[in-house]
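Next come the chains, spelled out residue by residue.
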Protein chains: 2
Amino acid sequence: MFDLRDLPDATTLEGFGKRFPELDVSALQVVLRLARLGEDLVRLMQDGLMRDGLSLRRFFVLVLLARNAEGLRAVGLAKKMGVTKATVSEVLAGMARDKLVLSSADPEDSRAQLVTLSEQGKALLDAVLPGHYQRLAGVVEGLDGDERAELLRLLAIVGNRLG
Amino acid sequence: MFDLRDLPDATTLEGFGKRFPELDVSALQVVLRLARLGEDLVRLMQDGLMRDGLSLRRFFVLVLLARNAEGLRAVGLAKKMGVTKATVSEVLAGMARDKLVLSSADPEDSRAQLVTLSEQGKALLDAVLPGHYQRLAGVVEGLDGDERAELLRLLAIVGNRLG
DNA sequence: CTTGTATAGTTAGGGTCCTAACCAAATTGC
DNA sequence: GCAATTTGGTTAGGACCCTAACTATACAAG
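How each quantity is defined
Residues numbered from 1 in each chain as written. Chains lettered and ligands numbered in written order. Predicted model: local features only at pLDDT ≥ 70, side-chain atom pairs only at ≥ 80, totals over all residues. Heavy atoms only, no water. Contact = heavy atoms within 4.5 Å. Buried area = accessible area lost by both parts, 1.4 Å probe. Salt bridge = Lys/Arg side-chain N within 4 Å of Asp/Glu carboxyl O. Polar contact = N/O pair within 3.5 Å; in protein donor to acceptor, adjacent residues only side chain to side chain. Helix = DSSP H or I, 4+ residues; strand = E, 2+ residues; numbered from the N terminus. Nonpolar A, V, L, I, M, F, W, Y, C, P; charged D, E, K, R; others polar. Axes fitted to C-alpha atoms, helices over the stretch in contact; angles between N-to-C directions. Parallel < 35°, antiparallel > 145°, perpendicular 65-115°, else oblique.

- An unreviewed UniProt entry lists chain A under the name Transcriptional regulator, with Solidesulfovibrio magneticus str. Maddingley MBC34 given as the organism.

Here is the structure:
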């Protein structure tokens, strides 16, 4: 996780625009600020969850399993989380050790295992989720309904370029 | 770096709002999308720079040193980058080994060293920056001037809560 | 049936970043 | 001037995530 504490200010970008005239300075401003904000948000999530004794990746595993009660394969988790199966393999090993998840043989494929939430996993998630979401929601308290809708619209446009 | 490939959809959040009525669902949507977009942007920067043989953290060191020609201390770099001095110490060691930066004694404090760009460092940065900024700018091509201004305004409001 | 390829999962090794402990120089307070 | 604290920097060890190589099962084609 990397963080842009010191975004180039308007003057710097201005000067840069002169050196490279083909450059789109206003675009840069927007993108850099977006990146910075995203990083800060991830950090906010991480810090809050850490206080609940949960790493961000473990939290995501819990959320995804709660949303897929029938169970998920490791590969499925990896795709949904945007990490490699190696990473999932590791985090699942730890979570199984801590009894947060259960795994059973997948009847449709003997190579695969179906991972599900344990009772402890469910309980932990229920304990953590409300606080987590409250912390996140607090961040956009300053925006009214119209502004939130407009922000979502603009983010969707940008997001389409990143697919 | 972690990534939310699978954001909860409107229905999921809806259901969640029923279980926890005090929850601000529209706020959640905005925040999660912002976090996701920020992550994607960081990944975009990283991938592009990697192809130029530069890690993101090395890139930031180069940019910060270019912006502070008189030199920076390791601690100053750490603050501007949002990482610890331990991390800076490590990356500077590697960059000095590769002759991208120079360090000289700080006349005002014999514990500190002033780090500056070497000629190779400058050359590398100049070679990499235009492409880097082009890639970033491409992301917001879909927004016109008014939309960019509005997006910046909204992001500033959100950012104030995270400051 | 057998050979080739794709897929589920694990393991080893490396990069990045953190905290904690440490050293040395600077600063502060008596 | 000297003890206590602060500050600049390094090192060790751990967390998280990656790629690459491996095992084992599934599947597809001849």
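Having seen the model, we can carry on.
**Some details on the interface of chain B and chain A**
- Each partner contributes to the interface: chain B provides 70 residues, whereas chain A provides 70 residues.
- Summing both partners gives a buried area of about 6800 Å² for chain B against chain A, and 74% of it is carried by carbon and sulfur.
- Put simply, chain B and chain A have 4 salt bridges between them.
- In this structure, Arg161 of chain B engages Glu141 of chain A in a salt bridge whose closest nitrogen and oxygen atoms are separated by 3.1 Å.
- Viewed at the interface, chain A and chain B are joined by 6 residue pairs in polar contact (both at pLDDT 80 or more).
- Looking at the side of chain B that touches chain A, the elements with two or more residues in it are α1 (10-19), α2 (25-51), α3 (56-67), α4 (74-81), α6 (119-139) and α7 (145-160) of chain B.
- Of the residues forming the side of chain B that touches chain A, the biggest block, 19 residues, is contributed by α2 of chain B.
- The class makeup of the residues in the side of chain B that touches chain A is 40 nonpolar, 9 polar and 21 charged.

**Thoughts on the packing of helix α6 (residues 119-139) of chain A against α2 of chain B**
- Here α6 of chain A crosses α2 of chain B at 80°, and the two axes come no closer than 8 Å. The angle between α6 of chain A and α2 of chain B places the two elements in the roughly perpendicular class. Contacts between α6 of chain A and α2 of chain B pair Tyr133, Leu136, Ala137 and Val139 of chain A from the former with Ala27, Leu28, Val31 and Leu32 of chain B from the latter.

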